[in-house]
Amino acid sequence: MRIVLLGPPGVGKGTLADHLKEKYHLAHISTGDMLREETKKDSPLGREIKGLMEKGALVSDELVTRLVVQKIEHGLDLKRGFMFDGFPRTVKQAQDLDAALERVHAPLDCVLTLEADFNVLLDRMTGRRVCRKCGALYHVTYKPTAREGICDVCGGEIYQRADDNEKTIKARMEVYNKSTAPIIDYYAQQNKLKKLNANVEAAEVRLAVAAVLK
Ligand code: AMP
C-alpha cells in the first residue's frame, strides 16, 4: 500500500500514521521529522530550516523534495509499502513525487485527506506534546502521559514543539490554505482522493480509514 496522508496541521496525520505503521507495517516518511533532525545539526542549513519552521513557513520545494527522493531511491523498501505524512505540501512537490515514484514503478494507491474545523485543530495543536527521544505523541487533555513530562513508551523527555503556539499555528494554517489545499484537486483529478472527517476521536477516524483501505 502506498499512501499520502494529507490535511491541515494538527488534524491527526501523525497519530493515524502511528496506527497504520502498526496495522499494515508501512514505512512512515514524515518530512517534518526529517527536517527537525536537520535542525539538530548546528549547520547554516540547519539554522535556516529552524528559522522557517519557527515562523510556520515552508522549507523550499527543492530541499524537501531532494530529501524525499533520496529516501525513495536509497532508503525505502518499496515492497513493504509506505505513507507520506506532511509531504507533498505544494502542487510542485506532488508533481515531483509522482515523477520519482514513477521512476521506481511504485505509483501512489491513494491519498487520505483528513478534514477538521479550525477550533478542533487549534485545540489539538496547543495541547500537543511529543517525546524528544521516540517521537510518541500525547495531548495534555486527551492523551496525557502517566507521569508528567515523561514518555510512557520510552521514558524520554516530553516537550512542546516550538511551532505549536497560537501565532505560528495561524501562520501554518494560512500556508496550508494557500499552498497545500490545491493539492486536493490535483489528486482528485487522478481519482486517488479519499476524504475523511477528522473532527471525531482517533478511534473513529481509524474505523473510517479501515473501510476506505479495504
Ligand atoms: P509538520 O511536522 O509536518 O507539521 O511540519 C513542521 C514544519 O516543517 C512545517 O511547518 C514546515 O516549516 C516544515 N515542513 C514539513 N514538511 C514540509 C514540506 N513538505 N515542504 C515544506 N516545508 C515542510
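A.B. asks: Residue-level account of the packing of aromatic side chains, with values.
C.D. replies: Inspection of the entire model under this criterion finds three aromatic pairs. With centroids separated by 5.4 Å and ring planes inclined at 70°, the aromatic side chains of Phe-82 and Phe-84 adopt a geometry described as edge-to-face. Judged by its relative accessible area of 1%, Phe-84 falls in the buried class. Ring centres 5.9 Å apart and planes at 50° place the aromatic pair Phe-84 and Phe-87 in the tilted group. The class for Phe-87 is buried, based on a relative accessible area of 1%. Looking at Arg-132, its charged tip hangs above the ring of Tyr-159, at a distance of 4.3 Å from the centre. Directly above the ring of Tyr-138 sits Lys-143, whose terminal nitrogen or CZ lies 5.3 Å from the centroid.

A.B. asks: Account for the site of the ligand, with residues named and values stated.
C.D. replies: Thr-31, Arg-36, Ala-57, Arg-89 and Gln-93 are the nearest of the 16 residues found near the ligand. Between Val-59 and the ligand, the recorded distance is 3.1 Å, taken from a backbone N or O atom to a nitrogen atom. Taking Arg-89, its side chain carries an N or O atom lying 2.9 Å from a nitrogen atom of the ligand. Within the complex, the protein chains bury 95% of what would otherwise be the 490 Å² of accessible surface of the ligand. Top element by residues in the shell around the ligand is helix H2 (residues 31-40). It accounts for four residues. Along the lines of polarity and charge, the residues of the shell around the ligand split into seven nonpolar, four polar and five charged.

Basis of the calculations
Residues numbered from 1 in each chain as written. Predicted model: local features only at pLDDT ≥ 70, side-chain atom pairs only at ≥ 80, totals over all residues. Heavy atoms only, no water. Phe/Tyr/Trp six-rings, centres within 6.5 Å; stacked < 30°, edge-to-face > 60°. Buried < 20%, exposed > 50% of the residue type's maximum accessible area, 1.4 Å probe, protein only. Lys NZ or Arg CZ within 6 Å of the ring centre and 35° of its normal. Near = heavy atom within 4 Å. Polar contact = N/O pair within 3.5 Å; in protein donor to acceptor, adjacent residues only side chain to side chain. Areas by Shrake-Rupley, 256 points an atom, 1.4 Å probe, with all protein chains shown as cover. Helix = DSSP H or I, 4+ residues; strand = E, 2+ residues; numbered from the N terminus. Nonpolar A, V, L, I, M, F, W, Y, C, P; charged D, E, K, R; others polar.

On their own, these measurements won't tell you what the molecule is for.
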